[in-house]
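# Coordinate inspection notes
The chain contents come next:
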Amino acid sequence: PENVVVAVDGTSGSGKSSTCRAVADRLGMRYLDTGAQYRAITWWMLRNGIDVHDADAVAAHAEAPVLVSGTDPLAPTITVDGDDVSVQIRSDEVNAAVSPVSAVPAVRARLVALQRTLIGDGGIVVEGRDIGSVVWPDAQLKVYLTADPSARAARRALENGGADLSATQESLLARDKIDSGRAVAPLTMADGAIHVDSTELSLEEVVDLVVGLVMERV
Ligand code: C5P
């Protein structure tokens with residue numbers, strides 16, 4: 001699947017990362033986690049004392065940090081000004097601040113440009129909220145991946161070493177609400193996207209399904 005772009009959008013915790021990495025690995029494609037980029041810029045804002053609820057302050061610093069994404073599906077990396085922040089960007093502080101930062105148009109403009117450069121000639125599986133709708137509307141395959149909130153919270157809590165279920169679900173739903181309601185590039189099912197509900201499916205079943213959809217298109 002050289003030159004192919006697979007766009008996977010969906011709600012928080014629907015299994016996008018695990019699915020996309022496995023699909024990319026199986027098909028010999030690159031992988032781009034755009035959520036990690038929004039998280040990394042958010043981490044930088046918090047670290048530099050920028051008030052993340054002040055959209056003008058966030059916009060004024062949108063270009064400042066140097067972000068580099070590694071696109072190996074087996075070992076994706078994200079660095080900010082040269083520091084690997086893969087672990088730091090999953091903190092509760094970043095979870096709580098990432099949706100307001102991501103709603104700022106200057107942040108989106110900067111990251112969408114970076115994402116388009118990284119996608120380049122394709123051969124990549126890209127996950128996010130607006131990939132099929134804004135970043136790469138010409139993607140050969142667009143998947144809209146969802147699952148019931150309780151299933152998403154259970155998976156995410158397990159990933160985080162048994163974190164509190166109801167707090168995890170609350171945090172996911174709070175992000176979904178901001179991500180779906182924002183003015184610029186809200187989370188939405190893109191034109192031509194295929195809706196996959198993973199509530200009742202294992203990771204392997206979802207991966208098989210998406211790999212099958214890619215193979216139909218190459
Ligand atoms: O995918 P993940 O849950 O890591 O994304 C974290 C946050 O980054 C989302 O809740 C959303 O606010 C933002 N995001 C976005 N657009 C993308 C990817 C992520 O606004 N393409």
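These numbers were taken from a predicted model, which means no experiment stands behind them.

Let us look at the site of the ligand. The full set close to the ligand counts 13 residues, and Gly35, Tyr38, Ser102, Gly128 and Arg129 are the nearest of them. Here the shell around the ligand takes four residues from helix α2 (residues 34-47), the largest share from any one element. In terms of residue class, the shell around the ligand is built from two nonpolar, six polar and five charged.

What follows is about the environment of tryptophan 43. If you trace the backbone, tryptophan 43 turns up in helix α2. According to the C-beta neighbour criterion, tryptophan 43 is buried, with 24 such atoms within 10 Å. The spatial distance from the C-alpha of tryptophan 43 to the C-alpha of glutamate 93 is 8.4 Å, given a sequence separation of 50 residues. Leave out the neighbours within four places in its chain, and tryptophan 43 touches Val80, Val85, Gln88, Ile89 and Val94.

Another aspect to go through is the nonpolar core. Ranked by internal contacts, the top residues of the largest apolar core, which has 29 residues, are Val6, Val8, Val23, Val125 and Val126. Contributions of two or more residues to this core are made by β1 (5-10), α1 (16-27), β2 (30-33), β6 (124-128), α6 (131-135), β7 (141-146) and α9 (203-216). Excluding anything up to four places from it in sequence, valine 23 contacts Val6, Val125, Val207, Val210, Val211 and Val214. Counting 19 residues, the second-largest nonpolar core is a separate cluster that includes Trp44, Met45, Val58 and Val94.

Attention shifts here to the sheet that holds strand β8 (residues 194-197). The strand order β2-β6-β1-β7-β8 describes an open sheet built from five strands, whose pairing is parallel. Edge positions in the open sheet fall to β2 and β8, since each of these has one partner strand only. Pairs of neighbouring strands in the sheet enclose a mean axial angle of 20°, with direction left out of account. Two elements, β2 and β6, share four bridges in a ladder whose sense is parallel. Within β6, the position partnered with leucine 32 by the bridge is valine 126.

Before going further, it helps to examine the pairing of β7. By the criterion of burial, β7 is predominantly enclosed, with six of the six residues buried. Where β1 and β7 come together, five bridges link them in parallel fashion. Looking at β7, one finds that glycine 10 is bridged to leucine 145. Alignment of β7 against β8, held across four bridges, turns out to be parallel. Residue pairing across strands places leucine 145 opposite valine 196, the latter belonging to β8.

Further remarks concern α9. With 14 residues, α9 should cover 20 Å at 1.5 Å per step; its first-to-last C-alpha distance of 20 Å lies within 8% of that length. Listing the buried residues of α9 in full gives Val206, Val207, Val210 and Val214. Buried residues of α9, viewed axially, fall in a sector of 100°; they line one side. Summarising the geometry of α9, the exposed residues directed more than 90 degrees from the buried face are Glu204, Glu205, Gly212, Met215 and Glu216. On its buried side, α9 packs onto β1, α1, β7 and β8.

UniProt's feature table lists "binding site: ATP" (unreviewed entry) at Gly10, Thr11, Ser12, Gly13, Ser14, Gly15, Lys16, Ser17 and Ser18, given in the numbering used throughout. Residues in contact with lysine 16, not counting those within four places in the same chain, are Val8, Gly10, Glu127 and Leu145. Turning to its location among the elements, serine 17 is positioned in helix α1. Leaving out residues up to four positions away in the same chain, serine 17 has contacts with Asp33 and Glu127.

Our next topic: the packing of α2 against helix α5 (residues 105-119). Relative to each other, α2 and α5 sit at 135°, their axes nearing to 11 Å. The pairing of α2 with α5 is recorded here as oblique in orientation. Pair α2 / α5 crosses with right-handed handedness. Residues Thr34, Gln37, Tyr38 and Ile41 of α2 touch α5, and the partners they reach there are Val107, Leu111, Leu114 and Gln115. Within the contact of α2 with α5, the residues separate by chemical class into five nonpolar, three polar and no charged.

Criteria and cut-off values
- Residues numbered from 1 in each chain as written.
- Predicted model: local features only at pLDDT ≥ 70, side-chain atom pairs only at ≥ 80, totals over all residues.
- Near = placed C-beta within 6 Å.
- Helix = DSSP H or I, 4+ residues; strand = E, 2+ residues; numbered from the N terminus.
- Nonpolar A, V, L, I, M, F, W, Y, C, P; charged D, E, K, R; others polar.
- Buried ≥ 20, exposed ≤ 12 C-beta atoms within 10 Å, placed from the backbone.
- Contact = placed C-beta atoms within 7 Å.
- Core = buried A, V, L, I, M, F, W, Y, C linked by C-beta atoms within 7 Å.
- Pairing = 2+ DSSP bridges.
- Axes fitted to C-alpha atoms, helices over the stretch in contact; angles between N-to-C directions.
- Expected span 1.5 Å × (residues − 1).
- Arc of directions from axis to C-beta.
- UniProt positions renumbered as here; feature names shortened; annotations may be inferred.
- Parallel < 35°, antiparallel > 145°, perpendicular 65-115°, else oblique.
- Left-handed = near helix turned anticlockwise from the far one by under 90°.

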